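Per-entry structural report
Listed below, chain by chain, are the residues.
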Amino acid sequence: MDLRARSERATTGPVAQVAEALGVLCGVYLAASPWIVGFNGFTTLATANLITGVALAFLMSGFVSAYERTHAMSWAAFCIGVWTMVAPWAVSGAVDTTRTITSNVIVGGVACLMALVLALRSVVGLHRL
């Protein structure tokens, strides 16, 4: 019961709510970025962004409803953010253009930051914020 109460306090703070909301928005943007930014012709990167964006959005939205069971998965969200930053160079084909690199590095960095905020809340004691 104490663990559940502590988890509830951790998700009700404004920092956690902002981090979760920005994480979900990062996932939605990442999934739609090939069509927003205009690199949907690069099918390998577009597919990678679509899959990882949907996964990130579902993962981050899971923190909202069941934080006590999903907060450990914030490290998975961090890994998705890292993958997003290196994907323009890692997927097959010559997809490392200025648009793809800029879009992926920014959204991947924000996703990593939001995942770290959620992961370190219980470790560092940020649950009071």
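For the structure itself, consult the block above.
Below, the structure is looked at part by part. Predicted model only: the values in this text are computed from it and were never measured.

1. Digging into the overall build of the protein chain
- Counting its regular elements, the protein chain contains six helices and zero strands.
- Element order for the protein chain, N to C, with α for helix and β for strand: α-α-α-α-α-α.
- Relative to its 129 residues, the protein chain shows a buried fraction of 41%.
- Considering only intrachain contacts with a sequence separation of at least 6, the fraction spanning at least 24 residues in the protein chain is 66%.
- Accessible surface computed for the protein chain: about 6,700 Å², of which carbon and sulfur atoms make up 71%.

2. Comments concerning helix α5 (residues 74-90)
- Here α5 spans 23 Å end to end across 17 residues, near enough to the 24 Å set by a 1.5 Å rise per residue.
- The principal kink in α5, of about 35°, is found at Thr 84, preceding the proline Pro 88 by one to four residues.
- All of the buried residues in α5 are Ser 74, Ala 77, Ile 80, Gly 81, Thr 84, Ala 87 and Pro 88.

3. Comments concerning the nonpolar core
- Of all hydrophobic cores here, the largest spans 14 residues; its most connected members are Cys 26, Leu 56, Met 60, Ala 77 and Leu 118.
- Breaking this core down by element, the ones donating at least two residues are α2 (14-38), α3 (43-65), α5 and α6 (98-124).
- At five residues, α6 tops the list of elements feeding residues into this core.
- Sequence-distant contacts of Ala 77, defined by excluding residues within four places in its chain, comprise Leu 56, Leu 59, Met 60 and Ala 115.
- Phe 39, Ala 48, Ala 87 and Val 91 belong to the second largest nonpolar core, which has six residues in total.

4. Here we look at the side chain of Ser 103
- Tracing the chain through its elements places Ser 103 in helix α6.
- By relative accessible area, Ser 103 is classed as buried at 7%.
- Contacts of Ser 103, omitting those with residues within four sequence positions, involve Tyr 29, Ser 33, Val 37 and Phe 39.

Thresholds applied
- Residues numbered from 1 in each chain as written.
- Predicted model: local features only at pLDDT ≥ 70, side-chain atom pairs only at ≥ 80, totals over all residues.
- Heavy atoms only, no water.
- Helix = DSSP H or I, 4+ residues; strand = E, 2+ residues; numbered from the N terminus.
- Buried < 20%, exposed > 50% of the residue type's maximum accessible area, 1.4 Å probe, protein only.
- Contact = heavy atoms within 4.5 Å.
- Areas by Shrake-Rupley, 256 points an atom, 1.4 Å probe, with all protein chains shown as cover.
- Expected span 1.5 Å × (residues − 1).
- Bend = angle between axes of the 7 residues up to and from the residue.
- Core = buried A, V, L, I, M, F, W, Y, C linked by side-chain atoms within 4.5 Å.

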